[in-house]
Amino acid sequence: MFKINEDYLKLPGSYLFSTIAKKINAYQEENPEKALIRLGIGDVTQPLAPAIIEALHGAVEEMGNASTFHGYAPDLGYEFLRSAMAQNDYQVRGCDIKADEIFISDGAKGDSGNIQEIFAKNNKIAVCDPVYPVYVDTNVMAGRTGTYDPQTEKWSDVIYMPCTKATNFAPELPKEVPDIIYLCFPNNPTGSTITKAELQKWVDYANEHKAVIIYDAAYEAYITEADVPHTIFECEGARTCAIELRSFSKNAGFTGVRLGAAVIPKDIKSGDTTLHSLWARRHGTKYNGAPYIVQKAGEAVYSPTGKVQLKEQVAYYMNNAKVIYDGLKEAGYTVSGGVNAPYIWLETPKGMTSWDFFDFLLEKANVVGTPGSGFGPSGEGYFRLTAFGTYENTVAAIDRIKKA
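A. Molecular detail of the overall build of the protein. From N to C terminus, the protein includes twelve helices and 17 strands. Relative to the compact-globule value of 22 Å for 404 residues, the protein shows a C-alpha radius of gyration of 21 Å, a close match. Each principal axis of the C-alpha distribution contributes one length, and for the protein these read about 60 × 55 × 50 Å. Residue burial in the protein is summarised as follows: out of 404 residues, 55% are buried. Long-range pairs, those at least 24 residues apart, make up 72% of the contacts in the protein between residues at least 6 apart in sequence. As presented, the protein carries roughly 17800 Å² of accessible surface, and 51% of it is formed by carbon and sulfur atoms. Averaging the locations of the 39 positively and 49 negatively charged side chains of the protein gives two centres separated by 1 Å.

B. How the structure looks around the sheet that holds strand β17 (residues 382–386). Taking strand neighbours across the sheet as the criterion, the four strands line up as β13-β14-β17-β16 in an open arrangement whose pairing is antiparallel. Unpaired on one side and paired on the other, β13 (335–337) and β16 (370–371) mark the two borders of the sheet. Pairing analysis gives five bridges linking strand β14 (residues 343–347) to β17, with the strands arranged antiparallel. Counterpart to Leu-346 in the pairing with β17 is Phe-383.

C. Region of interest: the sheet that holds strand β7 (residues 180–184). The mixed open sheet is built from seven strands, whose spatial order is β2-β10-β9-β8-β7-β3-β6. If you trace the sheet from one side to the other, it starts and ends with β2 (102–105) and β6 (158–162), each paired once. Here the average twist between neighbouring strands, direction ignored, is 20°. In this structure, strand β3 (residues 125–129) lies alongside β7, joined through two bridges in parallel fashion.

D. Region of the structure containing a nonpolar patch on the surface. On the surface, a cluster of nonpolar side chains totalling about 390 Å² of accessible area is made up of Phe-2, Ile-4 and Leu-9. Position of Phe-2 among the secondary structure elements: in the segment before α1 (16–30). When its relative accessible area of 68% is taken as the criterion, Phe-2 is described as exposed.

E. Region of the structure containing unusual backbone geometry. The residue after Asp-129, namely Pro-130, is reached through a cis peptide bond having omega 10°. When you line up the elements, Pro-130 lands in the loop between β3 and α5 (133–141). For the bond from Asn-188 to Pro-189, the omega torsion is 25°, close enough to zero to count as cis. For Asn-168, which is not a glycine, the phi torsion comes out positive at approximately 60°. Note on placement: Asn-168 falls in the loop between β6 and β7. A relative accessible area of 57% places Asn-168 in the exposed class. Positive phi is not limited to glycine here, since Arg-258 has a value of about 75°. Within the secondary structure, Arg-258 sits in the loop between α7 (249–252) and β10 (260–263).

F. Structural view of α1. Compared with the 21 Å implied by 1.5 Å per residue over 15 residues, the 22 Å span of α1 between its first and last C-alpha is a close match. For α1, the set of buried residues is Leu-16, Phe-17, Ile-20, Ile-24 and Tyr-27. Seen from one end, α1 has its buried residues packed into an arc of 85°, which puts them on one side. With respect to the buried face of α1, the exposed residues turned more than 90 degrees away are Lys-22, Glu-29 and Glu-30. Elements that come into contact with the buried residues of α1 comprise β1 (37–38), α5, α11 (354–365), β15 (367–368), β16 and β17.

Criteria and thresholds
- Residues numbered from 1 in each chain as written.
- Predicted model: local features only at pLDDT ≥ 70, side-chain atom pairs only at ≥ 80, totals over all residues.
- Heavy atoms only, no water.
- Helix = DSSP H or I, 4+ residues; strand = E, 2+ residues; numbered from the N terminus.
- Rg over C-alpha atoms; globule rule 2.2 N^0.38 Å.
- Buried < 20%, exposed > 50% of the residue type's maximum accessible area, 1.4 Å probe, protein only.
- Contact = heavy atoms within 4.5 Å.
- Areas by Shrake-Rupley, 256 points an atom, 1.4 Å probe, with all protein chains shown as cover.
- Lys, Arg positive; Asp, Glu negative; His and termini not counted.
- Charge placed at Lys NZ, Arg CZ, Asp CG, Glu CD.
- Pairing = 2+ DSSP bridges.
- Axes fitted to C-alpha atoms, helices over the stretch in contact; angles between N-to-C directions.
- Patch = residues over 30% accessible without salt bridge, like charges linked within 9 Å, V, L, I, M, F, W, Y side chains within 5 Å.
- Salt bridge = Lys/Arg side-chain N within 4 Å of Asp/Glu carboxyl O.
- Expected span 1.5 Å × (residues − 1).
- Arc of directions from axis to C-beta.

As structure tokens, this is what we get:
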């Protein structure tokens, strides 16, 4: 008789955004006349930039001719895209990252879950609290997190690094030393970030304790402040302790196209084994690569025209963030984020739990957000709104919240 992976059964409830979708669907079935404004899931709303569309059309034409047709992609991804990333994301910032240290994938979500496969089961992970749920859930599936306590909403073998108002929503170096540290800056869900000097402390800590940092840089395009690093490889010593995950979803609107990358320097070793070689083996065995068409679209992100168009698109979303931030402040809410990230993190009012506030906004304002408790126990009492809606819907949503 076949057996299942019982670690999956340890997961409490469904994935956060699946739960939200079910609640929304139930509400709409009962209230079909209500027009909801969705500022919950971090999905983009603006169309792909013209430079990207042009590249997609060109690649489709290539696929229609025998002389320019492409089949399976190279294991690491096409050299034209890896070189563009190495040059534009790293080398121009003075970071020593080469094209053959970049692994093209179909998105940072998959990479952030799959990367844990190359580590032993008895590694202890440390995560920010609150945190993007995928980091914890995929380690639960792998049997790495111990037992779940529904009272504290914590796993016994996970080191939680609280990110609270007292810490400016940034983590402090953990007293219990982990083997794997997950960091995301600019942060999802709080929108917070740290300076280069502060990030250097994490790199030094990881090297001192022979830990590895998995650094999610999905929102780096939204950084506006000069002292905030765009990549962990701006820090000295990061090549020996850090893996960086990159995404095209938020900087270029690829949520429906799917493209990302994992950057693994050849200097990170466990004994004589490089993590680069392990990920290359995993990548080659389990993945056949992002489509040629999509990778050509990714290359257009780094073209002069693409850069200008995408800078305008990022500015559009950050203007939405300002509308949300200023509007909520005016309405009397305590808010943060929205400066270096497209997320606004607000305290729930009147002692409401985060799910109570979700229901309140859904029913009274017909606005959808994300309960902070879904990101971890320290997220209770908070709520996340995203700036990825249209400008018109964003303005309307804030007006509705003010009147609720």
